[in-house]
Every structure is written in C-alpha cells, then in structure tokens.
Amino acid sequence: MDTRLNEHIEHRGGAMMAEEFGYQVSPRPASEMTPTVGAVVNAELDRAKSEQNQIPPVLAIPCALVAIFAALLTNDAPLIGRLLLPAIGIAMWTSSVRDENKIKANKQAAERRAAVALSSPWQAWPCRLEELPGGQGKGMMLLAPDKAVACTFSSPVPESIWVGTPDGRGVFWFAGDLRFGGLMSAPGGSPLWWAHPVPTPQTVAPTGRRQEALEGAVIDEAVGFAFDEWL
C-alpha cells in the first residue's frame, strides 16, 4: 500500500475514506438501507447467544467424575480404573474449555457484525479480486481513484462472486472501518461476508489494457453510484 494512503487511513480511521475519494456513501446505516442485512446479523447474534446459554458449567463433568473416582477408591477399584477415570476427566475438561472458548469467540464475532450493520453506512468501493500469496486466501483490493490499492482484505468471498466478477474487477459494498475490517456485499446487500485487513502484497498481478479499462470503469461507477437504485 502507498505510504501516504496508509497514513491517511490511520489518521481518518478509514471509515469515510470512500467519501473523500468521491465514492458514494449511503445516507443511513447498512441495517436501515438493507433491512435483510440487519435481519441476517441479528439472527446470527441470537443464535450465538443461544449457544452460549447452552454451555454446561466447564467443571461440571470433571467434578462428577472426580466424585465417582473418590467412590471407586473406597471400593478398592482396580488400578486401571483409578488411572483411566481421571484421565478421561481431564480430556473432557479440556474439550469443554475449548468448546466454550469457541462459542464465546463466535458470539463476539456476531456482536461485532451486528454493531457494524447498525452503525456503519454502506460505502461503494471499486475492487480488484486476486488470490493472496502465501495461502492467505481470497483477496479484495480496494482501489483509490488513481488505481493504487488503498486497502487489502482477506475474506471468504462467495464462489459465485469470485468466479462471476469479470476479470476480478467490480464495485462492492463495504460497511465498517478499513483498519479493522467489516461487512462486504455485492450491490444490494446479498450475499454478505466479513472481511479483515491484511498487508497489501508487495507485488500484485500485472494488469493489461483490458483490466486497466475495467478498473477505470468501476472507479467511475463508484463515484456515480446511486444506492437508492439498488434498494
């Protein structure tokens, strides 16, 4: 990424850089502009909360096994039983902790998505889609008006978008902060996915005349974008 762009993102938080570039920004938060997005993220949050409420106490199973183990000791249980039971208890406790941490992380991610949808407007960004080096997955490079890469996201771009975007150039919607990531969508609010920022590769795939022309076209489209036409 250009050093000046990087400093600009840090200074502005990245949230309204699209507006400064002349790209269109929706007048209201994403959840209001596209109610289906609000419904999706709220459903994810409700599901995550429900999963967390169903977590059994982490120590419940191990404590029960310890109680059984103590009873076995008084009954002169075989040595193998005395050794096996606490080992099973430790394994189950470890698994319980791991599952609980995963469920808590899912809830935090759902809360973050919901907060973005409720507070951040959609921004229209011209993008270049490329496979990131080093096995980082699918990359979305947000372009400045001069075609420099303003920000690079790694994200689980839906396959229909990945293969259906001509030459990997198109306008996409973003809600959030360029420094921390946010929600991305095709125009209209669906499909929806989360993107997080990664360092822009030092070398990107070379562009030919066709790709350069497409990038110019999608930049012009982001400048003249009319959200109301899609809603």
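Residues numbered from 1 in each chain as written. Predicted model: local features only at pLDDT ≥ 70, side-chain atom pairs only at ≥ 80, totals over all residues. Heavy atoms only, no water.

Caption draft 1: Quick look at the pattern of salt bridges. Taken as a whole, this structure holds six salt bridges when the rule is applied. One salt bridge connects Glu 32 with Arg 28, and the closest N-O pair in it is separated by 3.9 Å. Given a relative accessible area of 46%, Glu 32 falls into the partly exposed group. The closest approach of N and O atoms between Glu 215 and Arg 169, which form a salt bridge, is 3.1 Å. Of this pair, Glu 215 sits in helix α8 (residues 209-223) while Arg 169 sits in strand β5 (residues 169-177), placing them 46 residues apart in sequence. Accessibility classification places Glu 215 together with Arg 169 in one group, the buried group. By sharing partners, the salt bridges in this structure join Arg 128, Arg 169 and Glu 215 into a single network. (Salt bridge = Lys/Arg side-chain N within 4 Å of Asp/Glu carboxyl O. Buried < 20%, exposed > 50% of the residue type's maximum accessible area, 1.4 Å probe, protein only. Helix = DSSP H or I, 4+ residues; strand = E, 2+ residues; numbered from the N terminus.)

Caption draft 2: Looking closely at the packing of aromatic side chains. Tallying each qualifying case throughout the model produces seven aromatic pairs. For the pair Phe 21 and Trp 125, a centre-to-centre distance of 5.9 Å together with 80° between the ring planes defines the contact as edge-to-face. In this pair, Phe 21 sits in helix α2 (residues 17-21) while Trp 125 sits in strand β2 (residues 121-132), placing the two residues 104 residues apart along the sequence. Overall, Phe 21 belongs to the buried group, its relative accessible area being 19%. Between Tyr 23 and Trp 125 the ring centres are 5.3 Å apart and the planes differ by 70°, which places this aromatic pair in the edge-to-face class. On the criterion of sequence distance, the pair formed by Tyr 23 in the loop between α2 and β1 (25-29) and Trp 125 in strand β2 is long-range, its members being 102 residues apart. Pairwise contacts between aromatic rings join Phe 21, Tyr 23 and Trp 125 into one cluster. (Phe/Tyr/Trp six-rings, centres within 6.5 Å; stacked < 30°, edge-to-face > 60°.)

Caption draft 3: The pairing of β5, seen in detail. Most of β5 is tucked away, with nine of its nine residues classed as buried. Here β2 runs beside β5; their pairing, made up of six bridges, is antiparallel. Paired with Cys 127 across the two strands is Gly 170, which belongs to β5. The sheet contact formed by β5 and strand β6 (residues 181-185) spans five bridges and is antiparallel. Residue pairing across strands places Gly 176 opposite Gly 182, the latter belonging to β6. With antiparallel pairing between neighbouring strands as the criterion, β5 and β6 make up a hairpin whose turn holds three residues. (Pairing = 2+ DSSP bridges.)

Caption draft 4: Structural detail: the nonpolar core. Ranked by size, the top nonpolar core spans 42 residues in total, and within it Trp 122, Trp 125, Met 140, Phe 153 and Met 184 carry the most contacts. Counting five residues, the second largest nonpolar core, distinct from the first, contains Leu 132, Met 141, Val 149 and Val 198. (Core = buried A, V, L, I, M, F, W, Y, C linked by side-chain atoms within 4.5 Å.)

Caption draft 5: Fine view of the environment of Arg 210. Summarising the element assignment, Arg 210 is placed in helix α8. Residues Arg 210 and Asp 167 lie 43 residues apart in sequence; the distance between their C-alpha atoms is 8.6 Å. Here Asp 167 takes part through its side chain, which lies 2.3 Å from a polar atom of the side chain of Arg 210. (Polar contact = N/O pair within 3.5 Å; in protein donor to acceptor, adjacent residues only side chain to side chain.)

Caption draft 6: Structural context of the side chain of Thr 165. As for its position among the elements, Thr 165 is in the loop between α7 (159-164) and β5. Judged by its relative accessible area of 12%, Thr 165 falls in the buried class. A distance of 2.7 Å separates the side chain of Thr 165 from the backbone oxygen of Ile 161, its partner in a polar contact.

Caption draft 7: Seen up close, the pairing of β2. Of all 12 residues in β2, 11 are buried; the element is thus mostly enclosed. Bridge count for β1 against β2 is two bridges, and the pairing is antiparallel. When the bridges of β2 are listed, Pro 29 appears paired with Pro 121. By the bridge criterion, six bridges tie β2 to strand β3 (residues 137-143) in an arrangement that is antiparallel. By the bridge assignment for β3, Leu 129 is matched with Met 140. Adjacent in sequence and paired antiparallel, β2 and β3 are bridged by four residues, among which Gly 134 carries a positive phi angle near 75°.

Caption draft 8: Structural context of the confidence of the model for the chain. Mean pLDDT over the chain: 76, with 61% of residues reaching 70 or higher. Under a pLDDT of 50 for its full length, residues 7-14 has, in the predicted model, 17 contacts with residues more than four places off or in other chains. (pLDDT = per-residue confidence, 0-100. Contact = heavy atoms within 4.5 Å.)

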